[in-house]
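Next come the chains, spelled out residue by residue.
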Amino acid sequence: MASPDTSGSPGSGRLGPVAPRHASTVILLRDTLSGIEVYVQERASTMAFCAEMTVFPGGGVDSRDMPGDVDGDGHDSPDLRWQGPDVKWWASRLQKSESMARALVCAAVRETFEEAGTLLAGYEDGSLVGNTVPFQTERHQLENHELSFSDFMDQHELVLRSDLLRPWANWVTPKEQPIRYDTAFFVANMPEGQ
């Protein structure tokens, strides 16, 4: 019989470290006359993980970021239109399976839109989304898990622009923590007009 791992919270009685959840976060940059600006947020004091910390926009991968039946209705979600490095390139860079690499890139774009209002997307003609105000209702629906990311992108004929992201780092929460993440960090330039 294994003895409890006491490296987590005292008295937790956990057996071994908690498996980390996959997540994405984006270091969002903007070049200004005053120099480079970085978008950061402060986490609420009520958050269970990293309360009151200064962070970049991001969050966990969920079913909305995975290919297939995301809402459990027996129908696959629409395929995302995609421009830029393909999933195979991302899998190699992130050292993940192709399906997880796709999910991490989708989570990065979705979370940046949900948390910062910045949408790393464009249209079939190659132009970028310059104004996200028309998408604010859907932004709230995404935040509340009422709308899948692929459905949102499909409804507006939007193209995920993976070329606007670059892989930056991969951090995994230490094993002794009771909540853990395996986080892919990306860097992106703020699209013009947003």
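Placed above this text is the structure.
Residues numbered from 1 in each chain as written. Predicted model: local features only at pLDDT ≥ 70, side-chain atom pairs only at ≥ 80, totals over all residues. Heavy atoms only, no water.

Student: Could you give an account of the side chain of R139, with specific residues and numbers?
Tutor: One can find R139 in helix α3 (residues 136-143). In this structure R139 is buried but unpaired, with E143 as the nearest side chain of opposite charge at 4.8 Å. From its side chain, R139 meets the backbone oxygen of E114 in a polar contact 3.1 Å long. Setting aside chain neighbours within four positions, we find R139 in contact with F113, E114, E115, A116 and G117. (Helix = DSSP H or I, 4+ residues; strand = E, 2+ residues; numbered from the N terminus. Buried < 20%, exposed > 50% of the residue type's maximum accessible area, 1.4 Å probe, protein only. Lys, Arg positive; Asp, Glu negative; His and termini not counted. Salt bridge = Lys/Arg side-chain N within 4 Å of Asp/Glu carboxyl O. Polar contact = N/O pair within 3.5 Å; in protein donor to acceptor, adjacent residues only side chain to side chain. Contact = heavy atoms within 4.5 Å.)

Student: Help me get a handle on the pattern of salt bridges, residues and values and all.
Tutor: The tally for this structure, following the rule as stated, stands at eight salt bridges. Close ionic contact of D154 with R81 constitutes a salt bridge, the shortest N to O distance being 3.6 Å. With D154 in helix α4 (residues 149-155) and R81 in strand β6 (residues 81-83), the pair connects residues that are 73 residues apart, well separated along the chain. Judged by its relative accessible area of 32%, D154 falls in the partly exposed class. Its relative accessible area of 28% is what places R81 among the partly exposed residues. Of the charged contacts, one joins K96 and D182 as a salt bridge, the two residues approaching to 3.0 Å between their closest N and O atoms. Of the two residues, K96 is situated in the loop between α1 (87-94) and α2 (98-116) and D182 in strand β10 (residues 181-189); the sequence distance between them amounts to 86 residues. Relative accessible area serves as the criterion here: at 12%, D182 is assigned to the buried category. Three or more residues joined by partner-sharing salt bridges are found here, namely D62, R110, E111 and E114.

Student: Give a detailed account of the nonpolar core, specifying residues and quantitative values.
Tutor: Residues L119, F149, F152, M153, L160, L165 and F186 are the most contacted members of the largest nonpolar core, which totals 36 residues. Mapped by element, the contributors of at least two residues to this core are β1 (21-32), α1, α2, α4 and β10. Apart from residues lying up to four places away in sequence, L160 is in contact with L80, R81, W82, Q83, V105, C106, V109, L120, F149 and M153. (Core = buried A, V, L, I, M, F, W, Y, C linked by side-chain atoms within 4.5 Å.)

Student: Pulling in residues and values, what's your account of the pairing of strand β2 (residues 35-39)?
Tutor: Both β1 and β2 contribute to a ladder of five bridges, which runs antiparallel. Bridge pairing links T32 to G35 in β2. The antiparallel hairpin formed by β1 and β2 contains two residues in its connecting segment. (Pairing = 2+ DSSP bridges.)

Student: So, unusual backbone geometry: which residues are in play, and what are the values?
Tutor: The backbone of H145 shows a phi angle near 60 degrees, a positive value even though the residue is not glycine. In this structure, H145 sits in the loop between α3 and α4. H145 gets classed as exposed once you look at its relative accessible area, which sits at 54%. Within the chain, E157 stands out as a residue other than glycine whose phi angle is a positive 50 degrees. Its place among the elements puts E157 in the loop between α4 and β8 (159-161).

Student: If you had to explain the packing of aromatic side chains to someone new, which residues and values would you point to?
Tutor: Tallied over the entire structure, the rule returns five aromatic pairs. For the pair F113 and F152, a centre-to-centre distance of 5.4 Å together with 10 degrees between the ring planes defines the contact as stacked. Linking F113 in helix α2 with F152 in helix α4, this pair joins segments that are 39 residues apart in sequence. Like F152, F113 is buried. Relative to F185, the ring of W171 has its centre 4.6 Å away and its plane inclined at 50 degrees; by these criteria the two rings are tilted. With W171 in strand β9 (residues 165-172) and F185 in strand β10, this residue pair connects regions lying 14 residues apart in the sequence. (Phe/Tyr/Trp six-rings, centres within 6.5 Å; stacked < 30°, edge-to-face > 60°.)

Taken by themselves, the reported measurements are silent on function.
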